[in-house]
There are 2 protein chains.
Amino acid sequence: MTTEETARAGTEWHGEEAYDVFARLCPSRELFAELADKWSMLILMSLDACGPQRFSELQRGVGGVSRKMLTQSLRNLERSGLVLRTVFPETPPRVVYDLRPLGRELAELLSPLGHWTERRAQRMLAAREEFDAAHAEGDL
Amino acid sequence: MTTEETARAGTEWHGEEAYDVFARLCPSRELFAELADKWSMLILMSLDACGPQRFSELQRGVGGVSRKMLTQSLRNLERSGLVLRTVFPETPPRVVYDLRPLGRELAELLSPLGHWTERRAQRMLAAREEFDAAHAEGDL
DNA sequence: CCGTATCCTCTGAGATACTG
DNA sequence: CAGTATCTCAGAGGATACGG
């Protein structure tokens, strides 16, 4: 039995044990669930690819995100120490978001994921068609 | 303007252009949204870490997942060509899930994410407390 | 410009019970 | 064992309007 498997023997997490994202009650799972989110990931990737950005820039950059979800996701990321929010008290106000070191670490793991998805999109779409075709037969 | 930024000038995607996860209407975005999901990611990570597994093994491995969500996520992953489902026609039936090459590629990008979360959990939790404390002041 | 507050809709997801 | 089907409900998330 490997270390990995040992750590996962039970998935209840009764404290004392090491952090384990597979364990339902482990704090790291809650964090993981928050980060394993479409909007959060795209925001971090956008900040990684394009550098510091204003709120409205982010909204344009992350296509389809509503102000509500953008605000909400940014707050979570800020709260967990991944993103830095800086307000310039001008009129009209200017607010700039940037990655903090922790966020940059994560973004650098995330960006390859985005690129991989783009690179393999064709292949996955083909697989889908095949799958759908194969399963249409059975349902005639 | 970098290539990256050029590709993201508009986020509408009118076909013809390269795949772009930041574009709301790009097919790669739909794929990304499906993969940027707690359960899908944990399933791929579990298959990566522990090898081929049966349905019930996966359910135990991925703590807290319901049969419904497990089935649903596995179907999606199978449909997109990431996971292979093999049925052994015995009684009782045995069904084994494994990574296909495409899924293994992805899983190898995902697993570091899980480990990163576990490694940095403490730090993120500390940041949260700090944030919450700082914002409790203002709300007195 | 950068949000917050409110309303409203729709689906994500658990619980439960049934099938091959 | 490995699912499918149905019901149910909370909460995700969009639209809109207002505030600093």
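Figured I'd write up the structure that's included with this text. As the structure is a computational prediction, the values presented were derived from the model and not from experiment. (Residues numbered from 1 in each chain as written. Chains lettered and ligands numbered in written order. Predicted model: local features only at pLDDT ≥ 70, side-chain atom pairs only at ≥ 80, totals over all residues. Heavy atoms only, no water.)

A few points about the environment of Asp20(A)
Residues and elements named next belong to chain A. Rules: Put simply, DSSP H or I for four residues or longer makes a helix, DSSP E for two residues or longer makes a strand, and each gets a number counted from the N terminus. A 1.4 Å probe rolled over the protein chains alone gives each residue an accessible area, and that area as a share of the maximum for its type sets the label: buried under 20%, exposed over 50%, partly exposed in between.
Within the secondary structure, Asp20 is located in the loop between helix H1 (3–7) and helix H2 (27–35). Look at Asp20 and you get buried, because its relative accessible area is 5%. The spacing of Asp20 and Phe131 is 111 residues in sequence and 34 Å in space, taken between C-alpha atoms.

Overview of the relation of the copies chain B and chain A
What counts, and what does not: In this comparison the copies share one frame, found by least squares on the C-alpha atoms of residues holding pLDDT of at least 70 in both. Contacts between residues were defined by any pair of non-hydrogen atoms, one from each residue, lying within 4.5 Å.
With an RMSD of 0.0 Å, chain B superimposes on chain A once it is rotated by 180° and translated 0.0 Å along the axis. Within this description, the copies of the chain are treated as partners about a two-fold rotation axis. Mapped onto chain A, 100% of the interface residues of chain B again fall at the interface, so both copies present the same surface.

Section: the protein's contact with DNA strand D
As a reminder of what qualifies: One heavy atom within 4 Å of a molecule or strand makes the whole residue count as near it. Polar contacts here mean pairs of N or O atoms no more than 3.5 Å apart (in protein, one a potential hydrogen donor and the other a potential acceptor; neighbouring residues in sequence count only if both atoms are side-chain atoms).
By nearness alone, 16 residues border DNA strand D, and Ser66(A), Lys68(A), Ser56(B), Arg85(B) and Tyr97(B) come closest of all. Sugar plus phosphate: this is where 61% of the atoms of DNA strand D within 4 Å of the protein reside. Contacts to DNA strand D include Arg85(B), whose side-chain N or O atom sits 2.6 Å from a phosphate oxygen. Elements that contribute at least two residues to the surface near DNA strand D include exactly helix H5 (67–79) of chain A together with helix H4 (55–61), helix H5 (67–79) and strand S3 (94–99) of chain B.

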